[in-house]
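As a plain string of letters, each chain reads:
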Amino acid sequence: MNLDIYKNLNRGIESTYINLNPIQRGGVLTAEARKAALEFADGYSVCDFCFESRVDLVQNPPVRNLTADIAEFLNMDDVRFTAGCRHAKWAAMHMVTEPGETLVLDSLAHYTSYLAAEANQLKVVEVPHSGYPEFIIDPEGYAEKFEEVERNTGSLPAMALLTHVDYRYGNVADAAAVGKICKEYGVPFLLNTAYSSGIMPIDGKKLGVDFLCASGHKSWAASSPMGILATTFEWNQQVFDKSTIRGDWSGRGFTKKEVALFGCSPVFGVPVMTLMASFPSVVERVKHWDEEVENARYLATQLERIEGFHQMGVKPTEHTLVAFESLPLFEAAAKTKKRGYFLYHELKKRKIIGIQPGMSKSFKLNTFGLSRKQIEYVADAFIEIARKYKIPVEDET
Ligand SMILES: Cc1ncc(COP(=O)(O)O)c(C=O)c1O
């Protein structure tokens, strides 16, 4: 065992770098959260004044207020903290469906949606997307699949899941339309907001959502693992059902503990306290979503000046996560020593990180939270790299 490797842990990047990593932009901590992380770094530090056997009920620090405020912020009725968005999805499915039933989900869903279904022994039926280059999910596809499932199994699906913003192209799906269809058919609707709530405004009631799952470390400026499961009064008793088990010898019971949350929320300490400390900034930042999208569109327009660069997904982009195909970079890579890794190295030399090492044929990035000046710097860096490798660049119009 070499214990030295655990010493002097270092991420290998400097804080001065511009990080474009699609999964990291919305999870960058605020200054307040960094302070809270240190203050509450000890294991059970949130539990000094736990009088009601559950983290979500703790009043000092004000976790109880935070759950209520997040419910209001999302326009949902009840909220619990989970170990990531994936756990929130698993928990909703676990408490609402039965093994052998069917989940209808979009074909751009994250793997954790499929695995949550698998862990709950659900069959999955996918709503197709429109394919290259836009990859749009048509809400009507949900109605078609509901009817198909009913024809094939004799009953409607137990749940429908929509990925509000997919992780591949950053398309913003029409959640309100899917919510309406789910209501018409009476199918419970789970919305995965891993890439939307916390960075853009979300109104769960308007979207007709029954279960809203969110990722604190992806989009709420919180440390991982942090997830949120929000639901309505119609479902909260069932989803947050309490324990009824009793020890046959001891007679012990745990009647305040919630089954799908493993009793008390499985996250406390740093994840909850960073979420709390960032929450005022999160409430504020979603008001500026339009400016964020404008910045992403600006970058997409600049990068498309490079020959062979095309933004994929819906155009102009409606999100800050943007995917590009970039065949000329791939061809240039073949002539370099570093092969596909050359783009990563060229960007790193210019203090830009976050494009997956090895990618050159296509790549994705996220501009959320970057200033216009930083984005202009990124655009110039790509154009400089293109010119260096003799890839033509259109003049600015
Ligand atoms: C669309 C989507 N949903 C869910 C997740 C998983 O979120 P978490 O890490 O909070 O479980 C991801 C992670 O990349 C994602 O892209």
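Residues numbered from 1 in each chain as written. Predicted model: local features only at pLDDT ≥ 70, side-chain atom pairs only at ≥ 80, totals over all residues. Heavy atoms only, no water.

Examining the site of the ligand
Logical step 1: The environment of the ligand is made up of 14 residues, and the closest members are C85, R86, S215, H217 and K218.
Logical step 2: At 2.8 Å, a backbone N or O of C85 approaches an oxygen atom of the ligand.
Logical step 3: Here an oxygen atom of the ligand and a side-chain polar atom of H217 are 2.8 Å apart.
Logical step 4: Protein chains shield 94% of the accessible area of the ligand, which is 400 Å² for the free molecule.
Logical step 5: Broken down by secondary-structure element, the contributors of at least two residues to the shell around the ligand are helix 3 (84–96) and helix 7 (216–219).
Logical step 6: With four residues, helix 3 is the single largest residue contributor to the shell around the ligand.
Logical step 7: When the residues that make up the shell around the ligand are grouped by side-chain class, the tally is four nonpolar, seven polar and three charged. (Near = heavy atom within 4 Å. Polar contact = N/O pair within 3.5 Å; in protein donor to acceptor, adjacent residues only side chain to side chain. Areas by Shrake-Rupley, 256 points an atom, 1.4 Å probe, with all protein chains shown as cover. Helix = DSSP H or I, 4+ residues; strand = E, 2+ residues; numbered from the N terminus. Nonpolar A, V, L, I, M, F, W, Y, C, P; charged D, E, K, R; others polar.)

Here's the deal with the domain arrangement of the protein
Logical step 1: Per the domain assignment, the segments making up the protein are domain 1 (3–24 + 288–388) and domain 2 (29–285).
Logical step 2: Each side of the interface is counted separately: domain 1 has 15 residues, and domain 2 has 21 residues.
Logical step 3: Roughly 1,600 Å² of surface becomes buried between domain 1 and domain 2 when both sides are summed, with 57% attributable to carbon and sulfur atoms.
Logical step 4: Among the residues of domain 1 in contact with domain 2, W289, H319 and F368 are the three that bury the most area, contributing 30% of the side total.
Logical step 5: Viewed at the interface, domain 2 and domain 1 are joined by zero salt bridges.
Logical step 6: When residues of the side of domain 1 that touches domain 2 are traced back to their parent elements, those giving at least two are strand 10 (321–326) and strand 12 (362–366).
Logical step 7: When grouped by side-chain class, the residues that make up the side of domain 1 that touches domain 2 number eight nonpolar, four polar and three charged. (Domains from an automatic or database assignment. Contact = heavy atoms within 4.5 Å. Buried area = accessible area lost by both parts, 1.4 Å probe. Salt bridge = Lys/Arg side-chain N within 4 Å of Asp/Glu carboxyl O.)

Here we look at the sheet that holds strand 12
Logical step 1: On the basis of which strands lie adjacent, the open sheet formed by three strands has the order 9-10-12 and antiparallel pairing. Across the chains shown, the open sheet's two edge strands, defined by having one partner strand only, are strand 9 (309–312) and strand 12. Strand after strand, the sheet turns through a mean of 30° between neighbouring axes, direction not considered.
Logical step 2: Bridge count between strand 9 and strand 10: four bridges; the pairing is antiparallel. When the bridges of strand 10 are listed, Q311 appears paired with F324.
Logical step 3: The strands touched by helix 11 (residues 327–334) within the sheet are strand 9, strand 10 and strand 12, with strand 10 carrying the most contacts at an inclination of about 55°. (Pairing = 2+ DSSP bridges. Axes fitted to C-alpha atoms, helices over the stretch in contact; angles between N-to-C directions.)

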